[in-house]
Amino acid sequence: MSLYDDAVLVLKGYEGQPELRDVYLEHLAAHPDGLYKPCTAGHITASALVIDPSRGRVLLTLHKKLGMWLQMGGHCEPGDATLAEVALREAREESGIVSGLALLPGGPVRLDRHPIPSPCNWHLDVQYAALAPAEAVAAISEESLDLRWFAYEEVAGVADESVVRLLEATRARL
């Protein structure tokens with residue numbers, strides 16, 4: 001199965017946010033290259049909120065280009081087989097937690113479509129949650145200005161509404 005086929009199956013199986021899910025599916029139907037960065041009409045991305053439920057905290061990265069505290073995530077790459085693998089790869093790369101991360105069962109937690117600068121117009125993000133082991137040690141990557149654990153109640157004060165909604169949806173699933 002190709003990454004494209006996986007993305008369509010994942011999105012068709014996602015029961016939340018039906019109107020936005022349909023936008024994603026329409027995008028893929030109109031753009032067979034719509035998973036990858038060169039698609040200027042927008043492209044699918046995958047992200048993961050790294051969460052440590054035992055300590056009531058999440059790991060956020062201070063994005064180098066955007067200067068915002070965000071969940072880990074990024075672009076699909078050739079060789080990626082599934083959206084879940086993309087999200088987990090990005091979580092490992094950006095958090096420095098190379099072993100023990102596991103996606104929260106049940107597939108994506110949310111979808112978030114947001115504008116980005118030209119030449120592309122949109123990121124159509126498929127958002128997962130990744131459970132961190134209790135002994136996880138994070139290490140900053142070259143994609144980040146900073147990397148920090150935040151208590152659940154601190155997130156709204158540092159991150160934008162999309163991260164807050166992702167945390168709320170993740171906690172509801174836990």
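These figures come from a predicted structure and were not determined experimentally.

Re the overall build of the chain
Turning to step 1, where the next piece is worked out: Secondary structure assignment for the chain yields 5 helices and 8 strands.
Turning to step 2, where the next piece is worked out: In the chain, the succession of α and β elements from N to C terminus is α-α-β-β-β-β-α-β-β-β-β-α-α.
Turning to step 3, where the next piece is worked out: For 174 residues, the compact-globule estimate of 2.2 N^0.38 gives 16 Å, and the C-alpha radius of gyration of the chain, at 15 Å, lies within 12% of that figure.
Turning to step 4, where the next piece is worked out: Taken along the three principal axes of its C-alpha coordinates, the chain extends 45 × 30 × 30 Å.
Turning to step 5, where the next piece is worked out: Each of the 174 residues in the chain was classed as buried or not, and the buried ones make up 48%.

Structural notes on the packing of aromatic side chains
Turning to step 1, where the next piece is worked out: Summed over all chains, the structure comprises 1 aromatic pair.
Turning to step 2, where the next piece is worked out: Consider the rings of Trp-69 and Phe-150, whose centres lie 5.0 Å apart with planes at 75°: the pair is edge-to-face. Residue Trp-69 is located in strand 3 (residues 69-70), and its partner Phe-150 is located in strand 8 (residues 144-151); the two are separated by 81 residues in the primary sequence. Like Phe-150, Trp-69 is buried.
Turning to step 3, where the next piece is worked out: When the ring centre of Trp-149 is taken as reference, the NZ or CZ atom of Arg-57 above it lies at 3.9 Å.
Turning to step 4, where the next piece is worked out: Positioned over the ring face of Trp-122 is Arg-113, at 3.6 Å from the centre of the ring.

Comments concerning the pattern of salt bridges
Turning to step 1, where the next piece is worked out: Evaluated as defined, the whole model comprises 8 salt bridges.
Turning to step 2, where the next piece is worked out: Residue Glu-93 is joined to Arg-89 by a salt bridge in which the shortest nitrogen-to-oxygen separation is 3.6 Å. Linking Glu-93 with Arg-89, this pair stays in helix 3 (residues 83-95), spanning 4 residues, or about one helical turn.
Turning to step 3, where the next piece is worked out: The partly exposed category is assigned to Glu-93, whose relative accessible area is 39%.
Turning to step 4, where the next piece is worked out: Within this structure, Glu-77, Asp-80, Arg-89, Glu-90 and Glu-93 form a network of salt bridges that share partners.

Considerations on the packing of helix 1 (residues 3-13) against helix 2 (residues 18-30)
Turning to step 1, where the next piece is worked out: Two elements in contact, helix 1 and helix 2, have axes separated by 10 Å at closest approach and are oriented at 155°. Taken together, the axes of helix 1 and helix 2 are roughly antiparallel relative to one another. Note that helix 1 runs across helix 2; the crossing there is left-handed. Contact residues: Tyr-4, Ala-7, Val-8, Leu-11 and Lys-12 in helix 1; Arg-21, Tyr-24, Leu-25, Leu-28 and Ala-29 in helix 2.
Turning to step 2, where the next piece is worked out: For the contact of helix 1 with helix 2, the per-class residue count stands at 8 nonpolar, no polar and 2 charged.

Thoughts on the layout of surface pockets
Turning to step 1, where the next piece is worked out: Considering only enclosed or pocket space, the largest pocket measures out at about 970 Å³ in volume.
Turning to step 2, where the next piece is worked out: Looking at the largest pocket, it is lined by 34 residues, and the ones nearest its centre are His-63, Leu-66, His-75, Ile-116 and His-123.
Turning to step 3, where the next piece is worked out: Contributions of two or more residues to the lining of the largest pocket are made by strand 1 (43-52), strand 2 (57-63), strand 4 (72-75), helix 3, strand 6 (110-115) and strand 7 (122-131).

Remarks on helix 5 (residues 161-173)
Turning to step 1, where the next piece is worked out: Across its 13 residues, helix 5 extends 18 Å between first and last C-alpha, which sits within 8% of the 18 Å expected from 1.5 Å per residue.
Turning to step 2, where the next piece is worked out: Buried residues along helix 5 sit against strand 1, strand 2, strand 3, strand 6, strand 7 and helix 4 (155-158).

Section: the environment of Glu-94
Turning to step 1, where the next piece is worked out: Tracing the sequence through the fold places Glu-94 in helix 3.
Turning to step 2, where the next piece is worked out: Classification of Glu-94 by relative accessible area gives buried; the value is 4%.
Turning to step 3, where the next piece is worked out: In the structure, Glu-94 is positioned 50 residues away from Ser-144 in sequence and 7.5 Å away in space, judged by C-alpha atoms.
Turning to step 4, where the next piece is worked out: When near neighbours in sequence (up to four residues on either side) are disregarded, Glu-94 contacts Thr-61, Gln-71, Met-72, Gly-73, Ala-139, Ser-141, Glu-143, Ser-144 and Leu-147.

Quick notes on the pairing of strand 6
Turning to step 1, where the next piece is worked out: Two strands pair when backbone bridges link them, and strand 6 and strand 7 are joined in this way by 6 bridges, in the antiparallel orientation. Bridged to Pro-115 within strand 7 is Trp-122.
Turning to step 2, where the next piece is worked out: Adjacent in sequence and paired antiparallel, strand 6 and strand 7 are bridged by 6 residues.

Observations concerning helix 1
Turning to step 1, where the next piece is worked out: Those residues of helix 1 not exposed but buried are Leu-3, Asp-6, Ala-7, Val-8, Val-10 and Leu-11.
Turning to step 2, where the next piece is worked out: In this fold, the buried residues of helix 1 make contact with helix 2, helix 3, strand 6 and strand 7.

Rules used throughout
Residues numbered from 1 in each chain as written. Predicted model: local features only at pLDDT ≥ 70, side-chain atom pairs only at ≥ 80, totals over all residues. Heavy atoms only, no water. Helix = DSSP H or I, 4+ residues; strand = E, 2+ residues; numbered from the N terminus. Rg over C-alpha atoms; globule rule 2.2 N^0.38 Å. Buried < 20%, exposed > 50% of the residue type's maximum accessible area, 1.4 Å probe, protein only. Phe/Tyr/Trp six-rings, centres within 6.5 Å; stacked < 30°, edge-to-face > 60°. Lys NZ or Arg CZ within 6 Å of the ring centre and 35° of its normal. Salt bridge = Lys/Arg side-chain N within 4 Å of Asp/Glu carboxyl O. Axes fitted to C-alpha atoms, helices over the stretch in contact; angles between N-to-C directions. Parallel < 35°, antiparallel > 145°, perpendicular 65-115°, else oblique. Left-handed = near helix turned anticlockwise from the far one by under 90°. Contact = heavy atoms within 4.5 Å. Nonpolar A, V, L, I, M, F, W, Y, C, P; charged D, E, K, R; others polar. 1 Å grid on protein atoms, 1.4 Å probe; cavity = no way out; pocket = protein on both sides within 12 Å on 5 of 7 lines; lining within 4 Å. Points joined across faces, edges and corners; volume = space filled by probe spheres on them. Expected span 1.5 Å × (residues − 1). Pairing = 2+ DSSP bridges.

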